[in-house]
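Overview (structure and organization)
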Amino acid sequence: MWPLDAAPRSAPGAAATVQLLVVHDAGHTWPGSDVAPPQGFGPTSQALDATDTILDFFTTAP
């Protein structure tokens with residue numbers, strides 16, 4: 001996982017904050033999953049737990 005910065009960034013006067021997360025060496029799978037993907041989907045990355053990440057987003061969003 002490579003975050004752009006340790007903290008999200010906003011432009012002055014912006015209505016939203018954007019944060020980019022990139023997961024390297026992963027296939028077309030759900031990062032952090034324990035479920036084996038179908039053949040041909042590639043590996044599942046354990047560098048990020050996508051479920052926890054999306055839940056954090058929704059619980060902290062205004």
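My aim in this report is to walk through the structure given alongside it, one point at a time. (Residues numbered from 1 in each chain as written. Predicted model: local features only at pLDDT ≥ 70, side-chain atom pairs only at ≥ 80, totals over all residues. Heavy atoms only, no water.)

**Observations regarding the side chain of S33**
For S33, the location among the structural elements is in the loop between β2 (21-22) and α1 (50-60). In this structure the side chain of S33 is engaged in a polar contact, spanning 3.0 Å, whose partner is the backbone nitrogen of V35. With residues near it in sequence (within four places) discarded, S33 still touches T44 and Q46. (Helix = DSSP H or I, 4+ residues; strand = E, 2+ residues; numbered from the N terminus. Polar contact = N/O pair within 3.5 Å; in protein donor to acceptor, adjacent residues only side chain to side chain. Contact = heavy atoms within 4.5 Å.)

**What to know about the side chain of T29**
Tracing the chain through its elements places T29 in the loop between β2 and α1. Only 3.3 Å separates the side chain of T29 from the backbone oxygen of P43, close enough to count as a polar contact. Beyond its immediate sequence surroundings of up to four residues, T29 is in contact with P37, F41, G42, P43, T44 and S45.

Geometric descriptors of this kind do not, in isolation, establish any biological role.
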